[in-house]
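Here's the letter readout for the chains.
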Amino acid sequence: MVIVYITSSSLQHKQGLPFLGQMLSWTILGTAFGMPCLSSTTLYPRLFTVALSLLTVYTLLSTSHEGLFLLGLCCLLYSWLQLEAKLSSAQQQLGAVDLAPAPRTYSMQALQRYLCMSDVRCAFFYLFFLLLAFFGTGNIASINSFDPASVYCFLTVFSPFTMGALILLKVVIPFLLVSCTFHAVHVAIQVPTTSLFLLVLIMSDFMALHFFFLVKNTGSWLDIGTTISHYVIAMTTNIFIPLLYSVAKVMTTWRVTWPVGAKSHVK
């Protein structure tokens, strides 16, 4: 927030982009996505590190109230995690859950269970939070929603590809946060990954089919464009959900380990 305030104040006084603030912004962006891999794979520390890293980058890309939106989304996702843990039949403390994949043994396979009706609730909440992350800060499906001022902490010279990449990163960050929480929920309630994931895809297919029958070819251009954009968003959800889940799995399970017992040559 200090970097955002200094950059905003400098630009308002027509003093240009501060070099120190720009370097710090790019440094934070470059290290934020690697920081979770340095923390413990226990559920609470890893999710806290992921949320803190993503919230830091999102704050640098925010212009007004959007940082508060991501903070509120974190609180909602934490409540969802607690709700699923309380309603789950797996009596396991969330503080003891390890997100790192362990070697599969016969006893671990016995813990795997079949899908039940309560898992439909988990898949529904996942899709709900994905849509909330997409439309939470406004009509992000419109090109008019992209404000170039959101990248002023990184650059002020017009560069379409760099600005487009930064704005796309800003859109993806809430999705990553939701997907990381979904992976934590899946590990905590001990549901088979493939079954739960296919359930999510089936629900998104039904949603896309619903919007397909609502597409209009008559009326105003606004009505036609709105119905088409809703259908396209629902269809692209099926494409991006596997990619988001793969990235979220890396962010929640990978850990950089330092060699233990390395000889020190400094006396």
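Residues numbered from 1 in each chain as written. Predicted model: local features only at pLDDT ≥ 70, side-chain atom pairs only at ≥ 80, totals over all residues. Heavy atoms only, no water.

Colleague: Just checking my understanding: could you explain the packing of aromatic side chains for this structure?
Modeller: For any pair of aromatic rings, geometry is given as the distance between the ring centres together with the angle between the planes. Under the definition given, this model contains 13 aromatic pairs. Arranged with centres 5.9 Å apart and planes meeting at 70 degrees, the rings of F182 and Y245 form a pair that is edge-to-face. Highlighted residues: F182 in helix α7 (residues 160-189) and Y245 in helix α9 (residues 221-253), separated in sequence by 63 residues. With respect to class, F182 is no different from Y245; both count as buried. Three or more aromatic residues joined by ring pairs make a cluster, and in this case those are W80, F124, F125, F128 and F129. (Phe/Tyr/Trp six-rings, centres within 6.5 Å; stacked < 30°, edge-to-face > 60°. Helix = DSSP H or I, 4+ residues; strand = E, 2+ residues; numbered from the N terminus. Buried < 20%, exposed > 50% of the residue type's maximum accessible area, 1.4 Å probe, protein only.)

Colleague: Please explain the nonpolar core as it appears in this structure.
Modeller: Burial of nonpolar side chains together is a common tendency in soluble globular proteins. Grouped together as the largest cluster of nonpolar side chains are 63 residues, with contacts concentrated most on L43, W80, Y126, F154, V178, F182 and I241. Put simply, the parts of the chain that give this core at least two residues each are α2 (19-32), α3 (43-60), α4 (66-87), α6 (117-135), α7, α8 (193-212) and α9. Considering each element in turn, this core owes the most residues, 16 residues, to α7. (Core = buried A, V, L, I, M, F, W, Y, C linked by side-chain atoms within 4.5 Å.)

Colleague: Help me out: how do you make sense of the side chain of T181 in this one?
Modeller: The topology assignment puts T181 in helix α7. What T181 contacts, discounting residues up to four positions off in sequence, is L77 and W80. (Contact = heavy atoms within 4.5 Å.)

So far we have only geometry, and geometry alone does not tell us how the molecule works.
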